[in-house]
Amino acid sequence: LSIPELNYYFLYKKYKKVGQKTIICDDYSDFISLYHYFQKNNKAPIDLPSSVYEIGEDAFSQTQWYNDQPQGLVYAGNVLYCYKGEMPENYSIELKDGTTGIADNAFTNNGTNLVSITFPEGVKAIGRRAFAGCKLISLSLPNSIITIGYNAFQGCIDLTDVNIPLGVTRLD
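Residues numbered from 1 in each chain as written. Predicted model: local features only at pLDDT ≥ 70, side-chain atom pairs only at ≥ 80, totals over all residues. Heavy atoms only, no water.

Asks: Give a detailed account of the side chain of Asn113, specifying residues and quantitative values.
Replies: Here Asn113 is to be found in the loop between strand S7 (101-102) and strand S8 (114-118). Using a relative accessible area of 12% as the deciding quantity, one classes Asn113 as buried. Every residue in contact with Asn113, bar those within four places of it in the chain, is listed here: Met87, Pro88, Glu89, Asn90, Tyr91 and Lys135. (Helix = DSSP H or I, 4+ residues; strand = E, 2+ residues; numbered from the N terminus. Buried < 20%, exposed > 50% of the residue type's maximum accessible area, 1.4 Å probe, protein only. Contact = heavy atoms within 4.5 Å.)

Quick look at the structure:
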């Protein structure tokens, strides 16, 4: 399933809303945020353009695509969408090469055991509340980060030091 076949979504170009409902998305899009569920019984894989680096909260929840995903890290295109299932105690994650972003609320509901994450260079965005409530102890952000969402690290009480790269242009 490619993005143009989705029932509803919003396409933002340079953070400006340009429309809604079945807008054609191509590789020139800078930012896409999916807010509505798409065909709940569609089993086709999600084929996001490589330019997508942000995905909105619950974009694919309650979809057959999500239900078909195995336990563990779930990617939608090059974006880490979430961790599915119960996370082991004192868990560490190393994001795969080619990861471009972390979706809104990626670890909010089941990342309480996440203590560390390793980012490859090339990650551009950390979504809203992506790590809220996690037990992160340390964090080293790559220089490729350009946006950090609202309350991305809310409730990470053991996280005492985060260096924000100079290239960050949006910090909500």
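Additional details are given in the paragraphs that follow.
Asks: So what about the packing of aromatic side chains? Which residues, and what values?
Replies: On inspection of all chains with the given rule, the structure shows five aromatic pairs. Each ring, one from Tyr66 and one from Tyr81, has its centre 6.2 Å from the other, and the planes form 70 degrees; the classification is edge-to-face. Taken as a pair, Tyr66 in helix H1 (residues 64-67) and Tyr81 in strand S5 (residues 79-84) lie far apart in primary sequence, 15 residues in all. The class of Tyr81 is buried, set by a relative accessible area of 6%. Centre to centre, the rings of Phe131 and Phe153 are 5.6 Å apart; their planes meet at 0 degrees, and the pair counts as stacked. Of this pair, Phe131 sits in the loop between strand S9 (125-126) and strand S10 (147-148) while Phe153 sits in the loop between S10 and strand S11 (170-171); the two residues are 22 residues apart in sequence, bridging distant segments of the chain. Each member of the pair, Phe131 together with Phe153, is buried. Taken together, Phe107, Phe119, Phe131 and Phe153 form an aromatic cluster joined through their ring pairs. Of note, Lys84 hangs over the ring of Tyr66, and the distance from its end group to the ring centre comes to 4.8 Å. Residue placement shows Lys96 over the ring face of Tyr75; its charged tip is 4.1 Å from the ring centre. (Phe/Tyr/Trp six-rings, centres within 6.5 Å; stacked < 30°, edge-to-face > 60°. Lys NZ or Arg CZ within 6 Å of the ring centre and 35° of its normal.)

Asks: Let's hear about the sheet that holds S9: which residues, and what values?
Replies: Strand order in the open sheet formed by six strands is S4-S5-S7-S9-S10-S11, and the pairing between neighbours is mixed. Strands with a single pairing partner mark the edges of an open sheet, and in this sheet they are strand S4 (72-76) and S11. The sheet contact formed by S7 and S9 spans two bridges and is parallel. Along S9, the bridge assignment pairs Ile102 with Ile126. (Pairing = 2+ DSSP bridges.)

Asks: Give a detailed account of the side chain of Asp104, specifying residues and quantitative values.
Replies: Looking at where Asp104 falls in the secondary structure, it is placed in the loop between S7 and S8. Asp104 sits in the buried class, given a relative accessible area of 11%. Looking at Asp104, its side chain comes within polar contact range of the main-chain nitrogen of Arg128, at 2.8 Å. Sequence-distant contacts of Asp104, defined by excluding residues within four places in its chain, comprise Ile55, Gly56, Glu57, Gly127 and Arg128. (Polar contact = N/O pair within 3.5 Å; in protein donor to acceptor, adjacent residues only side chain to side chain.)

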